Amino acid sequence: MKAFEPGSSFYFHRAVEMPGKPAIDLSVDPPPDLVIEVDISRNSAHRFPIFAAIGVREVWRYHSGEVTMFALSGGGYQNLDRSRFLPRLSAAAVSKFVEDSRHQAPGDWFESLKAYLTAGSLS
């Protein structure tokens, strides 16, 4: 039995099966489509084989001020330039938004993110 507790996880393709579930039970529930790992005090790279074995299709990793995106391919992960689930989001754009969140008021940050997602460009 393999298990993990990601920083955050999301469903896209099978989201309708998951609403209201307080916890994921991988013995009956599908794996999340996307896992986000934030590496501040520990490196999460050793968890990638667990994510792959469970079938997590995309992993985003935040480490040293940068977001790197990975897609499951052939039993391991390959780097992505942009998300397969959220194709308007590139790793560079997500990295910029994470950094901006440290220096902007939450309302301003949210408005810039919303503008980017609707217009598709960074200001």
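Nothing here was measured: the structure is a model prediction, and the numbers come from that model.

**A word on the nonpolar core**
Membership of the largest hydrophobic core comes to 14 residues, with the highest contact counts inside it found for W60, V67, M69, L89, V94 and Y116. Counting residues per element, the ones that place at least two in this core are β3 (58-63), β4 (66-73), α2 (91-101) and α3 (106-119). With four residues, α2 is the largest single contributor of residues to this core. The contacts of L89, once residues within four sequence positions are left out, are W60, M69, R82, S83, V94, Y116 and L117. Of all hydrophobic cores here, the second largest spans eight residues; its members include V35, F48, F51 and A52.

**Remarks on the sheet that holds β3**
Ordered in space as β1-β2-β3-β4-β5, the five strands form an open sheet in which the pairing is mixed. Because the sheet does not close on itself, it has two edges, and the strands there are β1 (8-10) and β5 (76-80). Across the sheet, the mean angle from the axis of one strand to that of its neighbour is 25 degrees, orientation sign disregarded. Sheet topology places β3 next to β4; six bridges connect them, and they run antiparallel. Looking at β4, one finds that Y62 is bridged to V67.

**Concerning α2**
Turning to α2, its buried residues are A91, A93, V94, S95, F97 and D100. Looking at the buried positions of α2, the neighbouring elements they touch are β3, β4, β5 and α3.

**A look at unusual backbone geometry**
With a phi angle near 55 degrees, S64 is a residue other than glycine that sits in the positive phi range. Structurally, the position occupied by S64 is in the loop between β3 and β4. Taking relative accessible area as the criterion, S64 reaches 65% and is therefore assigned exposed.

**Some remarks on a nonpolar patch on the surface**
A cluster of nonpolar side chains, contributed by F10, F12 and L86, occupies part of the molecular surface with about 230 Å² of accessible area. Among the residues examined, F12 registers a relative accessible area of 32% and is labelled partly exposed.

**Re the packing of aromatic side chains**
Counted by the stated rule, this structure contains six aromatic pairs. Taken together through their ring pairs, the aromatic side chains of F48, F51, F70 and Y77 make up a single cluster.

What counts and what doesn't
- Residues numbered from 1 in each chain as written.
- Predicted model: local features only at pLDDT ≥ 70, side-chain atom pairs only at ≥ 80, totals over all residues.
- Heavy atoms only, no water.
- Core = buried A, V, L, I, M, F, W, Y, C linked by side-chain atoms within 4.5 Å.
- Buried < 20%, exposed > 50% of the residue type's maximum accessible area, 1.4 Å probe, protein only.
- Helix = DSSP H or I, 4+ residues; strand = E, 2+ residues; numbered from the N terminus.
- Contact = heavy atoms within 4.5 Å.
- Pairing = 2+ DSSP bridges.
- Axes fitted to C-alpha atoms, helices over the stretch in contact; angles between N-to-C directions.
- Patch = residues over 30% accessible without salt bridge, like charges linked within 9 Å, V, L, I, M, F, W, Y side chains within 5 Å.
- Areas by Shrake-Rupley, 256 points an atom, 1.4 Å probe, with all protein chains shown as cover.
- Salt bridge = Lys/Arg side-chain N within 4 Å of Asp/Glu carboxyl O.
- Phe/Tyr/Trp six-rings, centres within 6.5 Å; stacked < 30°, edge-to-face > 60°.

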